[in-house]
Amino acid sequence: MNDNEKLPTPNENHDEASNLSSKEDDLTSQGLNQNLDRTRSEDTENRGSRGSRDGVESTGDEVRDLETLSRVSSGPPYSVFSPSLKRWIVFMNCISAFISPITANIYFPAIPALSQDLGVSIGQINLTLTTYMIFQALAPTFFGDFADAAGRRPAFIIAFTIYLAANIGLALQRNYAALLVLRMIQSGGSSGTIALVYGVVADISTTAERGKYMGIVGAGVTIGPAIGPILGGLLSQYLGWASIFWFLCIITIVWMVPYILTVPETGRKVVGNGSIPPQGWNMTLLDYVKFRRQARNRPSSHVRQKLRLPNPFNTLAVIGNKDMAIVLFYNASLYIGFMTATATLSAQFAEIYGYNEIQIGLCYLPIGGATTFASVTMGYMVDLNYRRIAKKLGVKIDRKRGNNLKGFPIEKARLQLVYPLAVVGSLAYIGYGWALHYETHVAVPLVLSFFIGLCVTGPFQIINVLIVDLYPGAPATATAANNLCRCLSGAVATAVIQYMIDAWGRGWAFTSISLLFTALSPCLWVIQKYGPTWREERMEKMRIAAKKEEAEAKEKANTAIEQNDGVIAESRPALN
């Protein structure tokens, strides 16, 4: 085995730190100055044994993965948050991830009642679904970039404030135009959080444990389609359609109160690994009590994070990378498979089996339960496969500080699990279409829908982890790019699937969708083979851009100092 197959040791990180810096480097190093004396002696004792154990020579000019940019030379932990606090953060993110999909699905059973009460056609009500999905695709491009720059907490609070106001308006409105506009606003608020939850996981977890946490958060995303139609059917039938939106208001308030009070800021550009005191708008109540007396201890060079307008074009820049583009478009094809199955389930089961709203809602349980199970299970599986490959390559996993991904085949570690799932999922999808075509016993399509949820959305969750691995410097922006691709693709697919069923029949319509993501499966091999090279090229570009940005910042600082010195010199004669 040659050296480039192994991860750099902490000594390499020390040498690389002298050649590459970033804003995140500066922030974290400043925040950790108070803790260096405590950690330096421990690190001195362990540095030699770690270097000899890994057996890799330090080159000093290798490009570090962005995941390691926030470390100082003494090797601080990747995150200072305790395990219990991490679990609390992940739990609250799981709940917030649950709100967006349940908002989309809880609405379905109320469509006939809304049509009747507002005096419009079903087609006009369905237009609110289309506009909802469009905003579902666009909103994360703004919130993701905003959260990467200003922090997660301001983005979360703004998004849910918008969402809460929209739900109150929807519960009170009795006009179609108001329904259409407020549903778009509601989508903008709830959907913006999807990019944030995965960004938070990337903030607090190393590559070795990231799959587990992303699986738990992903469970919140996938359980919404399972129970949303059931809750919507019960509320609409017994309490009226307005009760759906009041219910969403209650969930939002119950989530926001503990979040605002207790969930800390995790954005690495704001608080580094959690050791830097957050700014005012990033503070919880507990943070205020903890840090209110520490402002005087901040280094004079500490840079306060400034708010800026979010730039959605940063999301498009993610898609412009070769490896990211291929991964995102393949992931979008899987999402098309999932959305076309769930979007048509209610209409097909009502037509074939004559089920009512509550019975149809129950029919979502197999596919919804399978997606939740797949999300959690695949999270643990990708972590296990990461450890297996690391052990095979002789790489020691550092759970505390994280590993540098340079030279490590992270694409292989993630995508190996996708191949068997994609094959089984494709066969289950074809079988599901033909079971509906021949109108078999209801148990047959329900069982096949379970395997669709397990084997089509399972790879989707795995690739979500890979997307964050490939773009750790701005995980929320990368997740927003993923959301943009999948939601726009899903919107188009749900718009045309019924026409495909009418023209070709159920069997061939679903077979064609299956063949779509099957035909794109070779993309996985391309990413596994060429992805590491493309990733290193992208990191090199980022390194050059970081150096350029640093030089520009120093030049501006020097210019400001010279101007201040000139003003002082000119004012001295006047004073004399």
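Everything discussed here concerns the structure shown above.
All figures in this text were calculated on a predicted structure; none of them were measured in a lab.

**Thoughts on the overall build of the protein**
Working step 1: Per the secondary structure count, the protein includes 23 helices and zero strands.
Working step 2: Within the span of the protein, comprising 576 residues, buried residues form 56% of the whole.
Working step 3: Sequence-distant contacts in the protein: of pairs separated by 6 or more residues, those separated by 24 or more amount to 84%.
Working step 4: About 24300 Å² of surface is accessible on the protein, with carbon and sulfur atoms providing 64% of the total.

**Focus on the pattern of salt bridges**
Working step 1: Using the criterion set out here, one finds eleven salt bridges in the structure.
Working step 2: Notably, a salt bridge pairs E209 with K86, separated by 3.3 Å at the nearest N-O pair. Note that E209 is positioned in helix α9 (residues 207-239) and K86 in helix α4 (residues 83-105), a separation of 123 residues in sequence. There is no split in this pair, since E209 and K86 are both buried.
Working step 3: What emerges from the salt-bridge pattern is a single network uniting D148, R152 and D203.

**A short note on the state of the cysteines**
Working step 1: Inspection of every chain in the model, using the stated rule, returns zero disulfides.
Working step 2: Looking at the unpaired C487, the closest cysteine sulfur is the one in C485, lying at 9.7 Å.
Working step 3: Using a relative accessible area of 0% as the deciding quantity, one classes C487 as buried.

**Here we look at the nonpolar core**
Working step 1: Counting 78 residues, the largest nonpolar core has F349, F408 and Y432 as its most contacted members.
Working step 2: Core analysis: the next-biggest nonpolar cluster, separate from the first, contains 58 residues, I125, V197, Y198 and M214 among them.

**Description of a nonpolar patch on the surface**
Working step 1: Together, I253, V257, L261, L285, Y288 and V289 give the surface a local cluster of nonpolar side chains, amounting to about 550 Å² of exposed area.
Working step 2: Counting residues per element, the ones that place at least two in the nonpolar patch are α10 (242-262) and α12 (285-291).
Working step 3: Take V289: it is sitting in helix α12.

**Some words on the side chain of T284**
Working step 1: Structurally, the position occupied by T284 is in the loop between α11 (268-271) and α12.
Working step 2: The buried category is assigned to T284, whose relative accessible area is 3%.
Working step 3: Look past the residues within four positions of T284 in its chain and what remains in contact with it is R153, I260, L261, T262, V263 and P264.

**Looking at helix α5 (residues 111-118)**
Working step 1: Every buried residue of α5 is listed here: I111, L114, S115 and L118. Down the axis of α5, the smallest arc covering the buried residues is 100°, so these residues share one side.
Working step 2: In this structure, the buried residues of α5 make contact with α6 (122-150) and α8 (176-204).

**Some words on the packing of aromatic side chains**
Working step 1: Counting across every chain of the model gives 22 aromatic pairs.
Working step 2: With a centroid separation of 5.9 Å and 25° between ring planes, the pair formed by Y530 and W534 is classed as stacked. On the criterion of helical spacing, the pair formed by Y530 and W534 is a turn pair, its members being four residues apart in helix α23 (residues 522-575).
Working step 3: Here the aromatic residues F156, F160, Y163, W255 and Y259 are joined through ring pairs into a cluster of three or more.
Working step 4: Of note, K529 hangs over the ring of Y530, and the distance from its end group to the ring centre comes to 5.6 Å.

**Focus on the packing of α6 against α8**
Describing two packed helices takes the angle between their axes plus the distance from one axis to the other.
Working step 1: The geometry of α6 relative to α8 is characterised by a closest axis approach of 6 Å and an angle of 35° between their N-to-C directions. Crossing geometry of α6 relative to α8 is assigned as right-handed.
Working step 2: Residue composition of the contact of α6 with α8, grouped by class: 15 nonpolar, eleven polar and one charged.

**A few points about the side chain of S375**
Working step 1: Within the secondary structure, S375 sits in helix α16 (residues 365-392).
Working step 2: The contacts of S375, once residues within four sequence positions are left out, are M214, G215, G218, A219, T222 and Q461.

About the criteria used
- Residues numbered from 1 in each chain as written.
- Predicted model: local features only at pLDDT ≥ 70, side-chain atom pairs only at ≥ 80, totals over all residues.
- Heavy atoms only, no water.
- Helix = DSSP H or I, 4+ residues; strand = E, 2+ residues; numbered from the N terminus.
- Buried < 20%, exposed > 50% of the residue type's maximum accessible area, 1.4 Å probe, protein only.
- Contact = heavy atoms within 4.5 Å.
- Areas by Shrake-Rupley, 256 points an atom, 1.4 Å probe, with all protein chains shown as cover.
- Salt bridge = Lys/Arg side-chain N within 4 Å of Asp/Glu carboxyl O.
- Disulfide = S-S within 2.5 Å.
- Core = buried A, V, L, I, M, F, W, Y, C linked by side-chain atoms within 4.5 Å.
- Patch = residues over 30% accessible without salt bridge, like charges linked within 9 Å, V, L, I, M, F, W, Y side chains within 5 Å.
- Arc of directions from axis to C-beta.
- Phe/Tyr/Trp six-rings, centres within 6.5 Å; stacked < 30°, edge-to-face > 60°.
- Lys NZ or Arg CZ within 6 Å of the ring centre and 35° of its normal.
- Axes fitted to C-alpha atoms, helices over the stretch in contact; angles between N-to-C directions.
- Left-handed = near helix turned anticlockwise from the far one by under 90°.
- Nonpolar A, V, L, I, M, F, W, Y, C, P; charged D, E, K, R; others polar.

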